[in-house]
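Descriptive analysis of the structure
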Amino acid sequence: MRHFIETVAILLIMSMPICSPAGSGDVLFQVSTISALMDGAFDGSVAFGDLKKHGDFGLGTFDALDGEMVGLDGRFYQVRADGSVHEVNDSMLTPFADVTFFDPDDAVALSSSNMTEVERSLEELLPTRNIFYAIRIDGTFSHVRARSVPAQIRPYTNLTIAVTNQSIFELYNQSGTAVGFWTPSYASGLNVPGYHLHFINDERTAGGHLLDFHLTNGSASIDYTDIFMMVLPANEGFRRAELEGMDLEATKDVENVRTG
Ligand SMILES: [Zn+2]
């Protein structure tokens, strides 16, 4: 069941990497779709041992939606709903993840600013809104609001209901890293349009899906990613998910809500 090639269908949406204006040739490797996760397809389909072959940097979640995943510098972490952080072992499965080998094409220093200001200033650096970007923000954060979700119990509901039981972490004076991606709007349904960022502190003791932050100072790096590779889970949960006619606005609500 878990042999990579046998259990997955691969969909490639790609431009010619060598001829594109950005020309990075970097690959964003994604497991499943955000719409499937929204509909409760929480069964893990790809082992982290396989996922690591496609990136050293990224985000996602775990089988049964058991927490938030942060991948940074080749190490992968699980931030559980109780706030604890654990290093992921290779046999654990993910139902949804995005990874890439982080190789920055641009970088900028950041002064005191909130999440909206940082996101706005980084968007000004994007050479086009038509490709994907991996984003890494290292810095000192006076405040971080992050969340995680508890493992769900079958039969699974959906993400909107699951996050009603989310844990919100208010973290202060943290040195750490925001890890994530910027997705073009045409890819809504596949991923969260705009920014999707997770956080982990330097001590690897706290983090989660980023809801808000205030940065004291830091720097951001952007990796232009013009190859998108997606693996669809070959399991019943995914095959039965009702993905047609989904309310994609709900995706934004679930992923981007900035308060409690
Ligand atoms: Zn997230």
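Since the model is a prediction, treat every value here as computed from it, not as a measurement.

At the metal site, the zinc ion is ligated by His196 (NE2), His198 (NE2) and His209 (ND1), and these contacts range over 2.0 to 2.1 Å. Donor residues for the zinc ion, ordered by position in the chain, follow H-x1-H-x10-H.

Most of strand 2 (residues 27-31) sits inside the fold, with 4 of its 5 residues counted as buried. For strand 2 and strand 16 (residues 227-233), the ladder comprises 5 bridges, and the chain directions are parallel. When the bridges of strand 16 are listed, Phe29 appears paired with Met229. Summarising the sheet, strand 2 and strand 9 (residues 97-100) pair through 3 bridges and their orientation is antiparallel. Looking at the pairing, Gln30 lines up with Asp98 of strand 9.

Quick look at the environment of Glu123 now. With respect to the helices and strands, the residue Glu123 is situated in helix 4 (residues 115-123). Taking relative accessible area as the criterion, Glu123 reaches 29% and is therefore assigned partly exposed. Considering only alpha carbons, one finds Glu123 and Trp182, 59 residues apart in sequence, at a separation of 8.9 Å.

Before going further, it helps to examine the pattern of salt bridges. Side chains bearing opposite charge may pair, as long as their charged atoms lie close to each other. As enumerated under the stated definition, the model contains 11 salt bridges in all. The residue Asp66 makes a salt bridge to Arg80 at a minimum N-O spacing of 3.0 Å. Linking Asp66 in the loop between strand 4 (57-61) and strand 5 (68-72) with Arg80 in the loop between strand 6 (75-79) and strand 7 (85-87), this pair joins segments that are 14 residues apart in sequence. Members of the salt-bridge network, linked through shared partners, are Asp73, Arg136 and Asp138.

What follows is about the packing of aromatic side chains. All told, the structure shown has 10 aromatic pairs when counted by the stated rule. Taking 5.3 Å as the distance between ring centres and 90° as the angle between the ring planes, the aromatic pair formed by Phe141 and Phe213 counts as edge-to-face. Taken as a pair, Phe141 in strand 12 (residues 132-148) and Phe213 in strand 15 (residues 207-225) lie far apart in primary sequence, 72 residues in all. With respect to class, Phe141 is no different from Phe213; both count as buried. Here the aromatic residues Phe48, Phe62 and Phe76 are joined through ring pairs into a cluster of three or more.

Rules of the game
- Residues numbered from 1 in each chain as written.
- Predicted model: local features only at pLDDT ≥ 70, side-chain atom pairs only at ≥ 80, totals over all residues.
- Heavy atoms only, no water.
- Donors = N, O, S within 2.8 Å, 3.2 Å for Na, K, Ca; no water.
- Buried < 20%, exposed > 50% of the residue type's maximum accessible area, 1.4 Å probe, protein only.
- Helix = DSSP H or I, 4+ residues; strand = E, 2+ residues; numbered from the N terminus.
- Pairing = 2+ DSSP bridges.
- Salt bridge = Lys/Arg side-chain N within 4 Å of Asp/Glu carboxyl O.
- Phe/Tyr/Trp six-rings, centres within 6.5 Å; stacked < 30°, edge-to-face > 60°.

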